[in-house]
Amino acid sequence: MKHNYLLLKLLSLFLCCLFWSFSTFAQTIRGKVFDSKTGEPLVGATVKIERGSFKQATSAKLDGSYSFKNLQPGTYKIDAKFIGYNESKDDVVNINEGATVTQNILLQDANTQVNEVVIAGSANKATDRSARTLERNANSVINILSQNTIQLLPDVTVGNAIQRVSGVSIQRTSTGEGRYAIIRGMDQRYNNTLVNGIKIPSPDDRYRFVPMDIFPSEMLERLEVVKALTPNMEGDAIGGSMNLVMKSAPDRFIFDANLSGGFSTLFSSSRPFTSFSSSGINKNSPAQINGNDYAATFKDFNSSAITSNKQLSNPVSSTAGFTIGDRFLDKKLGVILSASYQNIYRGSNSKELTPNAAPTIVPAPNSPQFSDSYDRTYSTQTQRVGLHTKIDYIFDKNNKISLYNLYLHTNEYQSRQTSDTLGLGLNSTGLSKQITISNRSTFTQQTVYNATLQGNHRLADKLDFDWDGVYSIAKRNQPDRTDFSYDANNAVNSAGEVTASVKNNMALSHHWENNTDKDIAGYGNLKYSPKIGNTDVEFALGGLYRHKTRDAYYATYDLTGGKATLYNNNFDAVPFYFNLPSDGIGNNNKDKSNNYAFKEDINAEYVQAKFKLFDRLQVLGGVRIENTLQSYNTEQPLTYSQKNGTISYTDVLPSLHLNYSLSDLQNLRLSYYAAISRPGFGEIVPYNIDGEYYKQIGNPNLKHSTSNNYDLRYELFPGGADQLLLGSFYKNIQDPIEYFVVTNGGPSALFVQPGNAQGGATNYGFEALVTKYFGVFGVSANYTYTHSSITTDKLLKIDNSPIVVQQTRSLQGQAASVANASFLFKSQKLGLDMQLAYVYTGERIAQVSTYYNLDFYYHPFSQLDFSFEKKIVNRLSFYGKVNNLTNTANKIYLKYPHADIDSKQQEFLGKQDISGQTLVQSDYYKVSFLGGFRYKF
Amino acid sequence: MKKILFPAILMVITISFAGCKKWSGEHRDIYSYTPPAANPVSDKAPLSCSGSGTSVVSVKGTMLTGKTYSVEAGCDLVINPLDTLLMQPGVTLNMGAGSSIIALGTLVSNGSKDRPNFITVAGVTKIDAPGTVTAKSDPAFAGKWKGIIGGPSCNLMVLRWTHVEFAGGTEGDATAKLAGSGTGNQYSILFANYKGNFIMEDSWLYGGVDDPIRISSGKVAIFRNTFEKNGVSGGDCLNLKGGSTGTLAYNFFIGTATNGQKASNKGQAVGAPQTNIVMYNNTFISGGYRQVQSGRGGSINFEEGAAGMYYNNVAVNCKYGYRVVGSPIADVAHLSYGNNFQYADSLFVANQFYPTGYITQPQTTDIPSITTSAKYLPAGYTPGSVYDGTDVVQKNNPMFINFPLPATGHPLAQYNALNGYNFRLQASSPLIGKGNTTIKPLILVPLDPVYGLSEATPPGADLGCYQINGVGNQH
């Protein structure tokens, strides 16, 4: 209820501001400020009036409008200024008693005069207005969040910010942080991530997709989500391509800086944040230090990640960042440096029921059963450092070169405290409970570095050439993940009180996981723009070559404290040892054969042409060919058939994009494109690791997915940052990759393995997006409906021998409805910007079960966030971000009435809230606050 | 002295029961020709993998009577899918450290009563006197070699009059990949083909780490075997999972870590039958004490969809009694049991004859009688609830020939090997004549003196694995 109260306060604040704007007036001058060339309203332009000694100033609102009220009748001089524009010449306005005069002002873009360089001279792309312009003029279907939008969002990482884009939902981490984007129902594997148009490698150990939470959002100039691919774009984005355009060198000196602090209301003295020290952590495993023949013993391990635990009752998060940029040498050399630091404390309280490997026939066929009931608390400290620089040099009007560097580093300290009641009904009953208490400390370092050297050249009058040379590296190290557990065997009396407790079966595990992914790539594009007949035609051809090398290392050492020894709450007294001494030898390590090296060479070529078939119809079409050559090698024994392998394939990807201008402000777009999705590296490699419910194994026979995609979109850009987009899409995917439960080895050994679903999958839907500003107010909303279907084999247990049946379902992670709504208030006069942002993600599959009708579903999720920025003095403002105002929980349900579950399991189900379903997981994050100062020069 | 006395008594009993036919029968000694083995396995050098760059040494053919073979340390002795390895009676196979036998084809160890086979480790001395060694330093639990791993294509594995000793080492990745099993497995014997036959008769299994015998699935016949010191700190001695069918009878267990025999339908594959196991006339002594988790059994356990029956069994001083699990529930509609005997030295054991929290239904044919006293299983007792076993402590002494009860001098947990004890019955034993002989074994394996089950002993009149008439367990 407390949160609802907070919500109420915020709403009333909003309403107060609303009434502010209505006031009585007599004589008024009003109007709008426009760009003289494009006609765009110039939000924030300063407008001044002068009559003798009387002076007044205001600034243009979101729709470019300004007004001066309660003026004396007379003649006023009026002029307007805006950064990047020439100041307007004084206009003169005469105003009579009781009259209202409208005076629009046109400003001329300073850049268009100074910068005669034909090479894509980028003006300020930070605003919503420019984002709309880009969307309108884009070659294909695209959605853009501008820097200004991002800055005001309640989100500090791109992982969270991206959910504000139409049709995008996010996959959260255990602490609620957005990590992966699902674009129009296509999960992360079907999307790619670009930085300034260049694909970057992923620090993930198995997959290609990049965790979006490693990007601090403040480093972005804009975030583009491209939903239909043109031939000049990489073809591995069935769902879409996320392009993070980083701030580029400005045309004048800029400096801005911000500093903030905050906290999460999750933590208190009764629910402290558990921290640990990483100082004792071994960077390398005993096998890495001493060789694979070395027999490690307990002495080789340092468990300080467990023993250094400290409880903090209210840790303070902080962020800081600055951007500095300027242009030198007669504006030829531009430099920008942007740095960001975040130190965020987050956490969650989680309850989870783990399904038993198979349902039973009691009390009804296919009755779900649970084996474990988990109660977990997560404490996660994330330190992010982001640094990027861009230097460009304009040699002459035909040649420009730029060097871009991006460095991102994340340290994540996660402490997970678990209490696992296991063997529900089997080893835990009404009279005895076997509970495994565990404490896991995970330290994860992720680094992404990218350097891109880019050149743009006008070779001849109508011939342009651009090229990129790219070096990227992505690393993830998870050294010495330490997990300590013991069993508490509790005897319980009929009143539920523990009458006796025996603690034993101590186990300690040390785990190492390191991987590196390196790319060397070259891109080249040639553009020829002749006039054929009366039409401008743009021919483009180009290609890319990328050589990727990747390796992954794993090691796990499991020690036991002896089952017969009792645990007396003193970790140091536990005599840990290997069950068999030979288990400590590196060559015997159970993870050794998961180690892999992967190489991938991709070369792609394309040709495309863009022309106006007639005045209002732009046609862009072409074809792209992508050649993929992959090879992997593992540390599997020679006796293992899939030890190494080489895979190659070629894809021909045609595309056609028609853009029909219904009017200057309206477009109708029709797109077709073919795309692919390559399996993750780790999915092809025949790994064998412990997964969430089952062991997981790789599949060297996994095929890449291909798709045909169709898009139809209507766009209306009435002016300013306003827009209306209505679109629909249809995708037909062949060989979609889904996870299947398979038997391998003995018939009772069940594994989860990625495989290609026979018969393919379809995915279609529509989306609508509207942004409208009314003076100081703005509303931005989008809604996407998606329907996907895939039919796979499932098991059904009617009696004690399961049969195979087919079930049609949606793709994993795809929600039928995804919606966003933001209410904005922007007043230059008050120096106040506010935003209330709401995001809704409908029900979607969290985990596909092997058994019929027993899939796990994420409950519809909605979150409300609030943010504001208030100017204090000239260049200094105060800002705040409040996340998860309503303390929304992430919940997962099984669509099976909980009352129908076996009576012996009822006592373990916990609190249930939906009669037709069973709550199997809930994660609570609570409200978090962040507040600070921003300085802008 | 007792060792001599016992066979003598047995002979007298056998004679008196068999009547006088043998005295009057005629005697023939007619020559029979046995063709020489076409593919004798050479015993000249150890079976070695070093030099091949892999851990594999493939083997097929026949190991000859009286010969001793050895497998080099770290090697996997592989019987390929279409091949057979036949061990004639009297073969000793010494397994090197960390070695394994992987049966992808057929493995038959055809020992005989007179010439048993050994699959063991050379030069290890057993330490079996109670209390002389901790589990941690007992070679029985050291997993000196990995064990016999039946792959998914193994159609037949027969162990007859064969000692399997000191196995249970971690399979590790290379071995597990070859066998199609699991990296972390620590089983002395694994069988994992629901279409295949696993036959173990008159054999001995000594030591082990996790489940000494894991039947992931398969048709089984496990008759008249002796199990000692099985599992170091957990593990069910005969652990049968989803898709296992057959009979376990006349087996003797002492000092198992957890259960002696367990049946579960967990992991039943599509096409595999439901687990259905018939258990009768088995004897369990001091089971369950190296498993410290509460509630886990020490004798027989039926859980998760498993059907079958258990009759005529004997459990003495086992940590938990016969357990039927309610969640995930055993196939109780197709599970029957009765005529089972239990004995407890202590109240702790007696209080768990019908383990609390589970659904074992006391049967009128059980011993001790379920109507022993007002306290023991009082009126209104429901399965799984707490009761007071005071009145059945040290009642119904089974009168073994040489195993004094109540046990004195050592905790129950330390009685984990035969060590010269004799669990055959004295004539005054209350176990005699209490058996149900109307039940039928479930025999799905071929009956054959070599390539199958040589004898399916029907249920016996006396409870436990030793019959006063000499049939049953022959050890």
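Calculation notes
- Residues numbered from 1 in each chain as written.
- Chains lettered and ligands numbered in written order.
- Predicted model: local features only at pLDDT ≥ 70, side-chain atom pairs only at ≥ 80, totals over all residues.
- Helix = DSSP H or I, 4+ residues; strand = E, 2+ residues; numbered from the N terminus.
- Buried ≥ 20, exposed ≤ 12 C-beta atoms within 10 Å, placed from the backbone.
- Contact = placed C-beta atoms within 7 Å.
- Pairing = 2+ DSSP bridges.
- Axes fitted to C-alpha atoms, helices over the stretch in contact; angles between N-to-C directions.
- Domains from an automatic or database assignment.
- Nonpolar A, V, L, I, M, F, W, Y, C, P; charged D, E, K, R; others polar.
- Core = buried A, V, L, I, M, F, W, Y, C linked by C-beta atoms within 7 Å.
- pLDDT = per-residue confidence, 0-100.

Enquirer: I tried to follow the overall build of chain B on my own but got confused; where do I start?
Expert: Within chain B, the secondary structure is distributed over four helices and 30 strands. In terms of overall dimensions, chain B has C-alpha extents of about 70 × 60 × 45 Å along its principal axes. Within chain B, buried positions represent 59% of all 475 residues. Residue pairs at least 24 apart in sequence account for 71% of intrachain contacts in chain B once pairs closer than 6 positions are excluded.

Enquirer: Honestly, the sheet that holds strand β5 (residues 74-81) of chain A in this entry has me stumped. Any pointers?
Expert: In any sheet, the strands associate via hydrogen bonds between backbone groups, in a parallel or an antiparallel arrangement. Residue and element names in this part refer to chain A. Here we have four strands laid out as an open sheet, ordered β3-β2-β5-β7, and antiparallel in their pairing. Lying at the two open borders of the sheet, with one neighbouring strand each, are β3 (54-59) and β7 (91-95). Going across the sheet, the axis of each strand differs from the next one's by a mean of 25°, ignoring polarity. Alignment of strand β2 (residues 46-51) against β5, held across five bridges, turns out to be antiparallel. In the strand pairing of β5, Lys-48 is matched with Asp-79.

Enquirer: Explain the domain arrangement of chain A to me, please; I cannot follow it from the model alone.
Expert: Accessible area lost upon the coming together of the parts serves often as the stated size of an interface. Taken domain by domain, chain A consists of domain 1 (2-114) and domain 2 (261-936). Averaged C-alpha coordinates put domain 1 of chain A and domain 2 of chain A at centres separated by 45 Å.

Enquirer: Any chance you could explain the interface of chain B and chain A here in plain terms?
Expert: On the chain A side, the residues contacting the 54 residues of chain B number 50 residues. Only α3 (172-179), β13 (189-201) and β15 (213-223) of chain B provide two or more residues apiece to the side of chain B that touches chain A. The element best represented in the side of chain B that touches chain A is α3(B), accounting for five residues. For the side of chain B that touches chain A, a count of residues per class yields 16 nonpolar, 31 polar and seven charged.

Enquirer: Help me out: how do you make sense of the sheet that holds strand β16 (residues 240-246) of chain A in this one?
Expert: Residue and element names in this part refer to chain A. Ordered in space as β10-β15-β16-β13-β14, the five strands form an open sheet in which the pairing is mixed. Of all strands in the sheet, those with a lone pairing partner are β10 (142-146) and β14 (198-199), marking the two edges. Of the strand pairs in this sheet, strand β15 (residues 220-226) and β16 are connected by six bridges, and their pairing is antiparallel. Bridging across to β16, Val-226 finds its partner in Ser-241.

Enquirer: Would you mind showing me how to read the domain arrangement of chain B here?
Expert: All names here are of chain B. Each assigned domain of chain B is listed here: domain 1 (49-148) and domain 2 (187-475). One C-alpha centre belongs to domain 1, the other to domain 2, and the line joining them spans 27 Å. Contacts between the two partners involve 13 residues from domain 1 and, on the opposite side, 18 residues from domain 2. Among the secondary structure elements, those contributing two or more residues to the side of domain 1 that touches domain 2 are β8 (106-110) and β10 (147-150). Taken together, the residues of the side of domain 1 that touches domain 2 break down into seven nonpolar, four polar and two charged.

Enquirer: What is the right way to look at unusual backbone geometry in this model?
Expert: Glycine aside, negative phi is the norm for most residues, and most peptide bonds take the trans geometry. Residues and elements named next belong to chain B. A cis amide bond links Ile-367 to the next residue, Pro-368, at an omega of 0°. Tracing the sequence through the fold places Pro-368 in the loop between α4 (347-350) and β29 (400-402). Note the cis peptide between Leu-405 and Pro-406, where omega equals -5°. You can see Pro-406 is positioned in the loop between β29 and β30 (422-425).

Enquirer: Which parts of the structure should I look at to understand the nonpolar core?
Expert: One finds Ile102(B), Ala103(B) and Met157(B) to be the most contacted residues of the largest nonpolar core, which totals 146 residues. For this core, the element with the most residues is β13(B), which contributes seven residues. If sequence neighbours within four positions are ignored, Met157(B) has contacts with Ala103(B), Leu107(B), Gly150(B), Phe191(B) and Phe198(B). Grouped together as the second largest cluster of nonpolar side chains are 65 residues, Ile144(A), Ile150(A), Phe866(A) and Val882(A) included.

Enquirer: Sorry, what's going on with the pairing of strand β26 (residues 498-528) of chain A here?
Expert: All names here are of chain A. Where strand β25 (residues 463-492) and β26 come together, 27 bridges link them in antiparallel fashion. If you follow Asp-466 over to β26, its bridge partner there is Asn-525. Between β25 and β26, which pair antiparallel and follow one another directly, the connecting turn spans five residues, one of which, Gly-496, has a positive phi of 85°. Across 22 bridges, β26 lies against strand β28 (residues 535-560) in antiparallel orientation. Within β28, the residue paired with Glu-513 across the bridge is Tyr-554.

Enquirer: Help me understand the confidence of the model for chain A, please; the structure alone is not making it clear to me.
Expert: Detailed conclusions should not be drawn from predicted coordinates in areas where pLDDT is low. With 93% of its residues at a pLDDT of 70 or more, chain A shows a mean pLDDT of 86. Note on residues 13-25 of chain A: pLDDT is under 50 here. Beyond four places in sequence and across chains, it has eight contacts.

Enquirer: Please explain the environment of Gly423(A) as it appears in this structure.
Expert: All names here are of chain A. Mapped onto the secondary structure, Gly-423 falls in the loop between β23 (399-422) and β24 (432-460). Under the C-beta neighbour-count criterion, Gly-423 is labelled buried, with 22 such atoms within 10 Å. Along the primary structure Gly-423 and Asn-356 are separated by 67 residues, whereas in three dimensions their C-alpha atoms are 9.2 Å apart. When sequence neighbours within four positions are dropped, the list of residues in contact with Gly-423 reads Ser-371, Ser-428 and Gln-434.

Enquirer: Help me out: how do you make sense of the pairing of strand β23 (residues 300-303) of chain B in this one?
Expert: Two faces belong to every sheet, and in a regular strand the side chains alternate between them. All names here are of chain B. Residues of β23 alternate between two faces, with Ile-300 and Phe-302 on one and Asn-301 and Glu-303 on the opposite face, all of them buried. Two strands pair when backbone bridges link them, and strand β20 (residues 261-264) and β23 are joined in this way by four bridges, in the parallel orientation. Bridge assignment links Ser-264 to a residue of β23, and that residue is Glu-303.

Enquirer: In this structure, what is going on with α3(B)? I would like to understand it.
Expert: Along an α-helix, residues three or four positions apart point the same way, because every turn accommodates 3.6 residues. All names here are of chain B. The buried count for α3 comes to eight of eight residues, which makes it a mostly enclosed element. Among the residues of α3, Gly-172, Asp-173, Ala-174, Thr-175, Ala-176, Lys-177, Leu-178 and Ala-179 are the ones counted as buried. Those residues of α3 that are buried lie in contact with β1 (56-58), β4 (76-79), β7 (100-103) and β10. A positive backbone phi angle near 65° is found at Gly-180, which sits one or two residues after α3.

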